[in-house]
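One letter stands for each residue in the lines below.
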Amino acid sequence: MTLAYYPGCSLGHSSVEFDRSTRKVLDVLAVEYKDVPEWTCCGSTPAHMMDHLLAMSLAARNLRQATEIGDELLAPCASCYQREKNAEIEIHRNDAFRAEVNEILDSPYMGWVTVYALPEYLLKRVGEEKIAGRVKIDLSQLKVVPYYGCLLARPSEMTGEANDEQPMMMDRLLRAAGVDVKWWNYKTECCGASVGMPKVEIQRRLTGKVLQQAVTAGAEAIVVCCPLCHVNLDLKQPQTNRFLGTDYEVPILYLTQVLGLALGLSADDVMLKKNLVDPEPLIKRAIAEAAAVKREEERKAAEKAAKTAAREAKVVAGTGEEGEATEAES
Amino acid sequence: MRLLQVGLVEKVLDSRAIQLCIQCLTCTARCPRNIDIAGIFEDLRTVSAAQDRDVPEYAKTFNKAFMTSLARYGQLPELYFMALFYLGTMKPTMAMADVPLALPMVTKGKMQVLPRRAKGTGEVARIYKKTMEKARAREKAEAVIAQGNPE
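Rules used throughout
- Residues numbered from 1 in each chain as written.
- Chains lettered and ligands numbered in written order.
- Predicted model: local features only at pLDDT ≥ 70, side-chain atom pairs only at ≥ 80, totals over all residues.
- Helix = DSSP H or I, 4+ residues; strand = E, 2+ residues; numbered from the N terminus.
- Buried ≥ 20, exposed ≤ 12 C-beta atoms within 10 Å, placed from the backbone.
- Contact = placed C-beta atoms within 7 Å.
- Rg over C-alpha atoms; globule rule 2.2 N^0.38 Å.
- Expected span 1.5 Å × (residues − 1).
- Arc of directions from axis to C-beta.
- Axes fitted to C-alpha atoms, helices over the stretch in contact; angles between N-to-C directions.
- Parallel < 35°, antiparallel > 145°, perpendicular 65-115°, else oblique.
- Left-handed = near helix turned anticlockwise from the far one by under 90°.
- Nonpolar A, V, L, I, M, F, W, Y, C, P; charged D, E, K, R; others polar.
- Core = buried A, V, L, I, M, F, W, Y, C linked by C-beta atoms within 7 Å.

Asker: How should the overall build of chain A be read in this particular structure?
Answerer: Across its full length, chain A holds 16 helices and eight strands. C-alpha atoms of chain A, sized along the principal axes, occupy 100 × 50 × 35 Å. Within chain A, the proportion of its 330 residues that are buried is 52%. Within chain A, contacts between residues at least 6 apart in sequence are counted, and of these 78% link residues at least 24 apart.

Okay, here's the thing in structure tokens:
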């Protein structure tokens, strides 16, 4: 069945690298998808801060549009995911409310569309084995922490995470792709994105804490799935540094950029050039280090094999022909 | 939550806490009594705005600028929205602080400079209009009821 892909406003412009890398990863994993026809904004935070019915109707319009493609919708943006998922849950369980929403819409939403977040879709509908089976590039020396933020894991009844304090979906996907995932305690702390425009001081402090915790955990990059977290941690890193007197330079990568690289996509395919804190030196170094580690392991393995062979030869040849064995070895 | 339980609704509606909440949902996820605290905050915020209480100016301007942009373009035109917001706040210093952010976005091709009208915008504008009319009608009805039954 074809998946309805809902890009959302951020992926069209400010997070174009998230959009591109997600599409490419879906292609590599042979997921068939089509864009939701004539999609419009999900309403984001302002709509549901103003009026509940407004927020639900804006989201329901997209669910209705998605029914033209199928009954599964993927919203890579964590904020769009929350809005669309909330609408799905509330409309599907309450017929009276569905009728109220349909009164507002131009034409009614009669379907049963299931909304997926990106990690959730990749885990449940594609699976770790399939991803692990297609890994082409060794990223075992890339040290990252997955950052879930507010909207991807909470509340667990909705998102399908077993524990909303310690979500694991991104961890599992990154491990399947062979990345060195570090454990940390800031997976779900808020980065302050939604007050980034009106209350700058609060945002700077929250963002700074996330960066500091990631570095302390031994990570060299933070992996995110939310365009708002990305803008905050990546684009606003210099300002946050200035405000706090710090000098962080932590690349912030989208989940699909990392998965894509592991699956053999190029830096251009996943648009590494669009990230503000340049991730390319780090990626190159990690790949080179992985190759060095592999060479070293191969060398050790060869040495060990040679030693074992030599020992066996000794045993077979007995004591008299020791000289010959040494000659053969050198 | 305790203030609401003991009936001090007014105090809650005027509190700064409901305005500062950034809807990170931590409280909802952690509540041992399974109260959807963030959801209640969201409702309190809409009520306090509807009753014209002391809602911070930036919040009103932010939401209004956002919805105005949507009703005109269907999908969020970032630059247009930021311009509307900063014009609304009448705080040029705030806007200046964001200029260093906008520049790399434009040079990296990550900011749409001229907004385009998305297909389906008409319906978005109608959704906005209809729900706002409905909300105003509801407030009026509630105000009449409140006047009719003084406690």
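Asker: Would you mind showing me how to read the overall build of chain B here?
Answerer: Of regular secondary structure, chain B possesses nine helices and zero strands. In chain B, the succession of α and β elements from N to C terminus is α-α-α-α-α-α-α-α-α. Its C-alpha atoms give chain B a radius of gyration of 19 Å, clearly above 15 Å, the size a compact globule of 151 residues would have. Summarising its shape, the C-alpha atoms of chain B cover approximately 60 × 35 × 30 Å along the three principal directions. Each of the 151 residues in chain B was classed as buried or not, and the buried ones make up 23%. When contacts within chain B are restricted to residue pairs at least 6 apart in sequence, long-range pairs at least 24 apart make up 56% of them.

Asker: Looking at this structure, how should I read helix α7 (residues 78-89) of chain B?
Answerer: Every α-helix winds through 3.6 residues per turn, so residues three or four apart in the chain are directed the same way. All names here are of chain B. Helix length check: α7, at twelve residues, gives a terminal C-alpha distance of 17 Å against a target of 16 Å (1.5 Å per residue), a fit within 8%. Those residues of α7 not exposed but buried are Glu78, Phe81, Phe85 and Tyr86. Take α7 and look down its axis: the buried residues cluster within an arc of 125 degrees, on one side only.

Asker: Explain the packing of helix α2 (residues 16-28) of chain A against helix α14 (residues 255-262) of chain A here, please?
Answerer: All names here are of chain A. Contact geometry for α2 and α14: axes closest at 8 Å, N-to-C directions at 40 degrees. When the axis of α2 is compared with that of α14, the two are oblique. Both α2 and α14 take part in a crossing whose hand is left-handed. Contact residues: Glu17, Phe18, Ser21, Thr22, Lys24 and Val25 in α2; Thr256, Gln257, Leu259 and Gly260 in α14. Classifying every residue of the contact of α2 with α14 by side-chain character gives three nonpolar, five polar and two charged.

Asker: Hey, could you run me through the nonpolar core in this one?
Answerer: Generally speaking, soluble globular proteins have nonpolar side chains that are buried together. Formed by 124 residues in total, the largest nonpolar core has its most connected members in A:Val144, A:Leu173, A:Ile222, A:Val223 and A:Val258. Sequence-distant contacts of A:Val258, defined by excluding residues within four places in its chain, comprise A:Val144, A:Leu174, A:Ala177, A:Val179, A:Val223 and A:Leu253.

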